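Chains, contacts and geometry: an overview
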Amino acid sequence: MLGATGQIGRPAVAALARDGWRVRAASRRGRRDDAWPDGVEAVALDRDEPGALESALGDGCDVLVDCVAYGTAHARQLAALSGAVGSAVVVSSAAVYVDERGRGFDTQDEPDGLPRYPVPMSEAQPTVEPGEATYATRKVALERDLLAADRLPVTLLRAGAVHGPHSRTPRELYFVQRALDKRRVRVLAHRGESRFHTVNTANLAELIRLAALRPGARVLNAVDPQAPTVAEIGAAVDAALGWSCETVLVDGKPPRENVGDTPWALPYPMVLDMTAAERELGYRAVTGYAESMPATVEWMTRELADRDWREAFPDMAASYGDALFDYAAEDEWLAERRG
């Protein structure tokens, strides 16, 4: 498995090992996770080093799971292994989808760039064109090149908003940190009704496990059984923390910069259909959003203990800066609103 010690890789390794697979878990540092069974072999691997992946595969493997691939270079790398690999399971992203007018994640900052997807959305929905410009275009380039490699059966999993322990950019930080700061009010744009379909890493691990057992050339959505709204996500985090606060709901977009915006705040819902995975893999979710939240919150609070959130999650800080917790801007807007 490539990306074995990442957020998705850790539970996927454990799921495969429990299912009886002999797992070689590859990551840059070659570390082990405490939850892995003793039989898991951890190896240090830089996939971008020429010949390193081929050397790590040795005589080959039945299934190669890749949690971190994107772009044409990685697609070529995997396709070249078709003689040594029986099949592959590769994590892609729901960010590849566009609506009937070609609007998607890459166009939301442009005039009239707000996508309106069908609800729920199947794998037949159009995608962005492949390219190297953005995350979404690189994921599509990866998908198309791998599906064209007819000697290597590949299952591509289009993951929604991934959540669970060991994330470098945990969206739930938006609510967890506010509770830890004893923030008694929060503002949610779009009346807290935004839905960016989530997927817990345990459900992704189950999809990976099932795809390993049933090789094929396919693209499948990968999301939780529910698509919670932002308000429901906040309630789930609050319940896990034993916390409560006032929620101010705002019609439409954020009323001011850094006020009411969240990592899930889409103006129109993005909800994925799981019918294909259920039909082709016999998939059934192993957890739901609210049920999984206590474990995520417990991990996050440990990571945040006695240190600033920017230190605990530097990638989150790099992505959002101080926008997530601009309490001064919120207080100013709330004061004006209340007169």
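Overview of the structure. Computed from a predicted model, the values in this text were never measured in an experiment.

Let us look at the overall build of the protein. Summing up its helical and strand segments, the protein has twelve helices and ten strands in all. Taking 2.2 N^0.38 as the reference for a compact globule, 339 residues should give roughly 20 Å; the C-alpha atoms of the protein span a radius of gyration of 21 Å, in line with that estimate. Seen through its principal axes, the protein has C-alpha atoms that stretch 70 × 45 × 35 Å. Burial analysis of the protein (339 residues in total) assigns 52% to the buried set. In the protein, the proportion of contacts linking residues at least 24 apart, taken out of those at least 6 apart, comes to 76%. Carbon and sulfur atoms form 46% of the exposed surface of the protein, whose accessible area is close to 15400 Å².

Okay, unusual backbone geometry next. Backbone torsion omega between Val119 and Pro120 reads -10°, so that peptide bond is classified as cis. Tracing the chain through its elements places Pro120 in the loop between strand S4 (85–93) and helix H4 (135–148). For Lys182, which is not a glycine, the phi torsion comes out positive at approximately 60°. With respect to the secondary-structure elements, Lys182 resides in the loop between helix H5 (173–180) and strand S7 (185–188). We classify Lys182 as exposed; its relative accessible area is 57%. The phi dihedral of Asp306 is positive, around 60°, even though this residue is not glycine. Tracing the chain through its elements places Asp306 in the loop between helix H9 (289–304) and helix H10 (309–312).

Interaxial distance between helix H1 (residues 9–18) and helix H6 (residues 201–213) falls to 8 Å at its minimum, and their mutual angle equals 45°. When the axes of H1 and H6 are compared, the pair comes out oblique. The handedness of the crossing between H1 and H6 is right-handed. Residues Pro11, Ala12, Ala15 and Leu16 of H1 pack against Thr201, Ala205, Ile208, Arg209 and Ala212 of H6. Grouping the constituent residues of the contact of H1 with H6 by class yields seven nonpolar, one polar and one charged.

Moving on: the pattern of salt bridges. Taken as a whole, this structure holds 27 salt bridges when the rule is applied. One salt bridge connects Glu132 with Arg138, and the closest N-O pair in it is separated by 3.0 Å. Of the charged contacts in the structure, one is a salt bridge between Arg191 and Asp251, with a shortest N-O distance of 3.3 Å. One end of the pair, Arg191, is in the loop between S7 and strand S8 (198–200); the other, Asp251, is in the loop between strand S10 (246–249) and helix H8 (275–281), with 60 residues separating them in the sequence. By relative accessible area, which is 37% here, Arg191 ends up partly exposed. In the salt-bridge network here, residues are joined through shared partners; they are Asp99, Arg101, Arg103 and Asp112.

Taken in spatial order, the four strands of this open sheet run S3-S4-S5-S9, and their pairing is parallel. Of all the strands in the sheet, just strand S3 (61–66) and strand S9 (218–222) have a single pairing partner and so form its edges. Strand-to-strand twist in this sheet, taken as the mean axis angle between neighbours without regard to direction, amounts to 20°. Pairing of S3 with S4, which is carried by five bridges, proceeds in the parallel orientation. Counterpart to Val65 in the pairing with S4 is Val89.

As a further point, take the nonpolar core. Judged by nonpolar contacts, the single largest core of 75 residues is most densely connected at Ile208 and Met270. The element that contributes the greatest number of residues to this core is H6, accounting for seven residues. Not counting the four nearest positions on each side in its chain, Ile208 is found in contact with Ile8, Ala12, Leu16, Val65, Val89, Val91 and Leu157. Of all hydrophobic cores here, the second largest spans 21 residues; its members include Leu53, Leu78, Leu81 and Val90.

What follows is about the layout of surface pockets. A water-sized probe, rolled over the atoms, reveals where empty space remains. Within this model, the second largest pocket holds a volume of roughly 450 Å³. The wall of the second largest pocket is formed by 21 residues, among which Arg22, Val23, Arg24, Cys61 and Val63 lie closest to the centre. When contributions to the lining of the second largest pocket are tallied by element, the ones reaching two or more residues are strand S1 (24–27), strand S2 (41–44), helix H2 (52–57) and S3. Sort the elements by how many residues they give to the lining of the second largest pocket and S3 lands first, with five residues. The class makeup of the residues in the lining of the second largest pocket is 16 nonpolar, one polar and four charged.

Conventions and cut-offs
Residues numbered from 1 in each chain as written. Predicted model: local features only at pLDDT ≥ 70, side-chain atom pairs only at ≥ 80, totals over all residues. Heavy atoms only, no water. Helix = DSSP H or I, 4+ residues; strand = E, 2+ residues; numbered from the N terminus. Rg over C-alpha atoms; globule rule 2.2 N^0.38 Å. Buried < 20%, exposed > 50% of the residue type's maximum accessible area, 1.4 Å probe, protein only. Contact = heavy atoms within 4.5 Å. Areas by Shrake-Rupley, 256 points an atom, 1.4 Å probe, with all protein chains shown as cover. Axes fitted to C-alpha atoms, helices over the stretch in contact; angles between N-to-C directions. Parallel < 35°, antiparallel > 145°, perpendicular 65-115°, else oblique. Left-handed = near helix turned anticlockwise from the far one by under 90°. Nonpolar A, V, L, I, M, F, W, Y, C, P; charged D, E, K, R; others polar. Salt bridge = Lys/Arg side-chain N within 4 Å of Asp/Glu carboxyl O. Pairing = 2+ DSSP bridges. Core = buried A, V, L, I, M, F, W, Y, C linked by side-chain atoms within 4.5 Å. 1 Å grid on protein atoms, 1.4 Å probe; cavity = no way out; pocket = protein on both sides within 12 Å on 5 of 7 lines; lining within 4 Å. Points joined across faces, edges and corners; volume = space filled by probe spheres on them.

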